[in-house]
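Spelled out, the chains give:
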Amino acid sequence: MDKIVIHGGRRLEGSVRISGSKNAALPILFSALLTEGVNTYSNVPRLRDIDSTLLLLSRLGVRVDAGGSSIRIDAGGLACHEAPYDLVRKMRASVLALGPLVARLKRARVSLPGGCAIGARPINLHLKGLAALGAEIALEHGYVTASARRLRGAEIYFDIVTVTGTENILMAAALAEGTTVLRNAAREPEVVALADVLNRMGADITGAGTPEITIRGVDTLRPVSAEIIPDRIETGTFLVAAALTAGCVTITHCEPQHVGATLDKLREAGARIDVQDQSLTITGPERIASVDIKTQPYPGFATDMQAQFMVLMSVADGVSVISESIFENRFIHVSELRRLGADIRVSGNTATVRGVPRLSGAPVMATDLRASACLVLAGLVADNTTEVHRVYHLDRGYESLEDKFAALGAAIRRVK
Ligand code: EPU
C-alpha cells in the first residue's frame, strides 16, 4: 500500500493551481442522469471518488468517456435503477443517485450507505424529502427503494442543514409536477453550482445560496456543458500549509469568495493575505497566534477544514478551542497528532489545543480524507520524517497533493 513520506521544516514558496471541486463535481455528474443526450464537463478533478461515480454511472447503463479533466456522460441508455452495496460502501455520495433515478425512471433502489469514520451520517432527511414529493419509500435488506409515477412539488423543511440532502431533493424536484419549496436548505457553493447547472439544463430554480430554494418543476431537461467550480477545501488546505510553514504561496484558479471564513481565521492567526480575482497570496507569520473555531454550515467555518486548522493551532502561541458541530466523531486525527507531539485534549465535541514549539515526525495512520490531509500538513512542519500510511483516503479527494506540495518546495514523496 502507498505511503507518503515527508521531511518537515521547509518553507513553502511559489504558486499552486487549485483543481475542480470534488463535492461540486459529484452531484453534477449524477445530474446527468436527468437528461438524454451528451453532457460535457470540464475541470473535473481526477480522484478516486470521481472514478467511483463514473463506475456507478456506467453500471446504470450510462455511457461515460473520461479523458484528463474532461468527462462526457450520455445517460440516453439509462436502464438500471439500482446502486449496489459494493459501490455505495466505497463512496457514500452514491446516495446522490437516488433523487435523479426516481425522477427519471420512476424508481430507484440504492444501498443504504451506513456510517463512516466521522459519524453515523443517516440519510433520513433525503428520504423525508422524497416522501414529501410523493415517493413511496421502503427499507429492506440494507437497501432503500423509492418509487413514484410522477413526483409532485411540496414544501419541505430540513431539520438539519444537509448538503447532499438538499442536492438530492433539488434534482428530484426539478422534474416534479408543480412547485417545491425547500426551507433551511444548505447554502454551500456546491449547492449553488448544482442549481446553476440544473437551470442551464432547463430547470427553474431560484434562491440557491439562501436557506429557501424554490423549484418549479419542468417536464424534461436537456444536456449541458459545464465547468466545475474550484475546490474550496483544497484551497483552504494550501492556505493553511503556507501559514504553517511561514511560507509565501500564491494560490491560483480558486474562488476567494468561497473561503471567507478560512481567510478570516488565518488573518486572526497572523497570516497576511492578498485577495485577487481568482487567486490568493498568503504570507505566513513567524509566530502563529492561537484562534478559536467552531464548525458550522456555510458560510460558517467548514467542518472539512477543521482537521487542517487543528494542525496550525498545534504549533500556535497559546491555547485554541475547536468545536465541531457538524459530525459527532470528527476528532479521529487527534490521537495521531498527539503521536507527533501535539498537546490536544478532547471533551465531547470540543478540542482544546495548547500550542507546542514543534512537532516531531513519526509514522501515522490516515483514517479519513480530511484527517489524511491534516497529517500531511503536520509532516510539513514536524522535525525529521513523517510517514503517512493508508493514503487511499487522501486519493479520494485531493488531486496530486504530494506533487503540488513538492512543487512548492516541500520534501515529500509517495512510496509505492
Ligand atoms: N444528517 C442527518 N440526516 C440526513 C442528512 C444529514 O442527520 O438525512 C446530518 C449528518 O449526520 C451531519 C449533518 O446532518 O451531522 C450534516 O451532514 P450533511 O448531510 O450536510 O453531509 P453530507 O451531505 O453527507 C457533505 C460533504 C462532506 C461535508 C459535509 C458537511 C459531499 C459529497 N460531502 O456531506 O464532505 O463534510 O457535507 O459540509 O458533498 C469531505 O469532502 O471530506 C466530506 C466529508
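Here is what the cut-offs are and how they apply
Residues numbered from 1 in each chain as written. Predicted model: local features only at pLDDT ≥ 70, side-chain atom pairs only at ≥ 80, totals over all residues. Heavy atoms only, no water. Helix = DSSP H or I, 4+ residues; strand = E, 2+ residues; numbered from the N terminus. Rg over C-alpha atoms; globule rule 2.2 N^0.38 Å. Buried < 20%, exposed > 50% of the residue type's maximum accessible area, 1.4 Å probe, protein only. Contact = heavy atoms within 4.5 Å. Lys, Arg positive; Asp, Glu negative; His and termini not counted. Charge placed at Lys NZ, Arg CZ, Asp CG, Glu CD. Near = heavy atom within 4 Å. Polar contact = N/O pair within 3.5 Å; in protein donor to acceptor, adjacent residues only side chain to side chain. Nonpolar A, V, L, I, M, F, W, Y, C, P; charged D, E, K, R; others polar. Domains from an automatic or database assignment. Buried area = accessible area lost by both parts, 1.4 Å probe. Salt bridge = Lys/Arg side-chain N within 4 Å of Asp/Glu carboxyl O. Axes fitted to C-alpha atoms, helices over the stretch in contact; angles between N-to-C directions. Parallel < 35°, antiparallel > 145°, perpendicular 65-115°, else oblique. Left-handed = near helix turned anticlockwise from the far one by under 90°. Phe/Tyr/Trp six-rings, centres within 6.5 Å; stacked < 30°, edge-to-face > 60°. Lys NZ or Arg CZ within 6 Å of the ring centre and 35° of its normal. Pairing = 2+ DSSP bridges.

A.B. asks: It is not clear to me how the overall build of the protein chain should be interpreted in this structure. Could you clarify?
C.D. replies: Summing up its helical and strand segments, the protein chain has 14 helices and 24 strands in all. Taking 2.2 N^0.38 as the reference for a compact globule, 416 residues should give roughly 22 Å; the C-alpha atoms of the protein chain span a radius of gyration of 21 Å, in line with that estimate. Its C-alpha atoms put the protein chain at 65 × 40 × 40 Å along the principal axes. A buried classification covers 56% of the 416 residues belonging to the protein chain. Pairs at least 24 apart in sequence give 73% of the contacts found in the protein chain among residues at least 6 apart. Between the centroid of the 46 positive side chains of the protein chain and the centroid of its 44 negative side chains there is a distance of 3 Å.

A.B. asks: What am I meant to see in the site of the ligand here?
C.D. replies: Near the ligand, the surroundings consist of 22 residues, among which Leu-125, Thr-162, Thr-164, Asp-304 and Ile-326 are the closest. Leu-125 is positioned with one of its backbone polar atoms (N or O) 2.7 Å from an oxygen atom of the ligand. Between the ligand and the protein, one listed contact pairs an oxygen atom with a side-chain N or O atom of Arg-330 at 3.5 Å. Elements with a contribution of two residues or more to the shell around the ligand: helix H1 (22-31), helix H5 (124-132), helix H6 (163-174) and helix H12 (369-381). In terms of residue count, the dominant contributor to the shell around the ligand is H5 (3 residues). Here the shell around the ligand is composed, by residue class, of 10 nonpolar, 6 polar and 6 charged. Structurally, the shell around the ligand is a two-domain feature, drawing no fewer than three residues from each of domain 1 (3-16 + 230-415) and domain 2 (26-227).

A.B. asks: Before we go on, may I ask you to explain the domain arrangement of the protein chain in this structure?
C.D. replies: Often, the extent of an interface is quoted as the loss of accessible area on bringing the components together. In terms of domain boundaries, the protein chain breaks down into domain 1 (3-16 + 230-415) and domain 2 (26-227). Each of domain 1 and domain 2 has a C-alpha centre, and these two points are 31 Å apart. Each partner contributes to the interface: domain 1 provides 18 residues, whereas domain 2 provides 15 residues. Contact between domain 1 and domain 2 buries roughly 1600 Å² in total, counting both sides, with carbon and sulfur atoms accounting for 54%. Taken together, the connections running from domain 1 to domain 2 amount to 2 salt bridges. Taking the shortest distance from any N to any O, the salt bridge between Glu-190 and Arg-232 comes out at 2.7 Å. Broken down by element, the side of domain 1 that touches domain 2 gets its largest block of residues, 4 residues, from helix H13 (residues 392-397). Of the residues in the side of domain 1 that touches domain 2, the class split is 7 nonpolar, 4 polar and 7 charged.

A.B. asks: When you look at helix H4 (residues 98-105) in this model, what are you seeing that I'm missing?
C.D. replies: Every α-helix carries 3.6 residues per turn, so stepping three or four residues along brings you back to the same face. With 7 of its 8 residues buried, H4 lies for the most part within the structure. Every buried residue of H4 is accounted for by Leu-98, Gly-99, Pro-100, Leu-101, Val-102, Ala-103 and Arg-104. Directly after H4, the chain includes Lys-106, whose backbone phi takes a positive value near 75°.

A.B. asks: Please clarify how helix H10 (residues 306-314) should be interpreted in this entry.
C.D. replies: With 9 of its 9 residues buried, H10 lies for the most part within the structure. For H10, the full list of buried residues reads Gln-306, Ala-307, Gln-308, Phe-309, Met-310, Val-311, Leu-312, Met-313 and Ser-314.

A.B. asks: Quick question: what am I supposed to make of the packing of H1 against helix H7 (residues 189-200) here?
C.D. replies: Packed helices, taken two at a time, are described by their axes: the angle between them and the distance between them. Where H1 contacts H7, the two axes come as close as 9 Å, and the packing angle between them is 30°. When the axes of H1 and H7 are compared, the pair comes out roughly parallel. Where H1 crosses over H7, the handedness of that crossing is right-handed. In this structure, H1 uses Asn-23, Ala-24, Pro-27, Ile-28 and Ser-31 to contact H7, whose residues at the interface are Glu-190, Ala-193, Leu-194, Val-197 and Leu-198.

A.B. asks: I'm lost on the pattern of salt bridges in this one. Help?
C.D. replies: Opposite charge on two side chains allows them to pair when their charged atoms are near. Applying the stated criterion to the full structure yields 23 salt bridges. Of the charged contacts in the structure, one is a salt bridge between Asp-204 and Arg-216, with a shortest N-O distance of 3.6 Å. A residue pair is termed long-range when its members are at least 10 positions apart, and Asp-204 in strand S12 (residues 204-206) and Arg-216 in strand S13 (residues 212-216) qualify at 12 residues. For Asp-204, a relative accessible area of 31% translates into the label partly exposed. Assessed through its relative accessible area of 37%, Arg-216 is described here as partly exposed. The closest approach of N and O atoms between Arg-414 and Asp-395, which form a salt bridge, is 2.8 Å. Within this pair, whereas Arg-414 is found in strand S24 (residues 411-415), its partner Asp-395 is found in helix H13, the two being separated by 19 residues in sequence. On the basis of relative accessible area, Arg-414 is assigned to the partly exposed category, the value being 22%. For Asp-395, a relative accessible area of 21% gives the class partly exposed.

A.B. asks: Would you explain the packing of aromatic side chains in this entry?
C.D. replies: Given two aromatic rings, their pairing is described by the distance between the two centres and the angle made by the two planes. Scanning the entire structure with this criterion turns up 2 aromatic pairs. Each ring, one from Phe-238 and one from Phe-405, has its centre 4.7 Å from the other, and the planes form 45°; the classification is tilted. Here Phe-238, found in helix H8 (residues 232-244), pairs with Phe-405, found in helix H14 (residues 401-407); they are 167 residues apart in sequence, far enough to count as distant. Owing to a relative accessible area of 0%, Phe-405 belongs among the buried residues under this scheme. For the ring pair Phe-301 and Phe-309, a centre distance of 5.3 Å and an interplane angle of 75° mean the geometry is edge-to-face. Each member of the pair Phe-301 and Phe-309 is classed as buried. Sitting above the plane of the Tyr-143 ring, Arg-109 keeps its charged end 4.0 Å from the centroid.

A.B. asks: Can you help me understand the sheet that holds strand S6 (residues 82-83) in this one?
C.D. replies: For sheets, the rule is that strands pair by backbone hydrogen bonds, running either parallel or antiparallel. Read across the sheet, 4 strands follow the order S6-S7-S9-S8 without closing on themselves; strand pairing throughout is mixed. Since the sheet does not close on itself, it has two edges, and those belong to S6 and strand S8 (136-140), each with one partner. Judged from the 5 bridges that link them, S8 and strand S9 (residues 143-147) form a sheet pairing that is antiparallel. By the bridge assignment, Leu-139 is partnered in S9 with Val-144. Here H4 sits on the sheet in contact with strand S7 (107-111) and S9, set at roughly 155° to S7.

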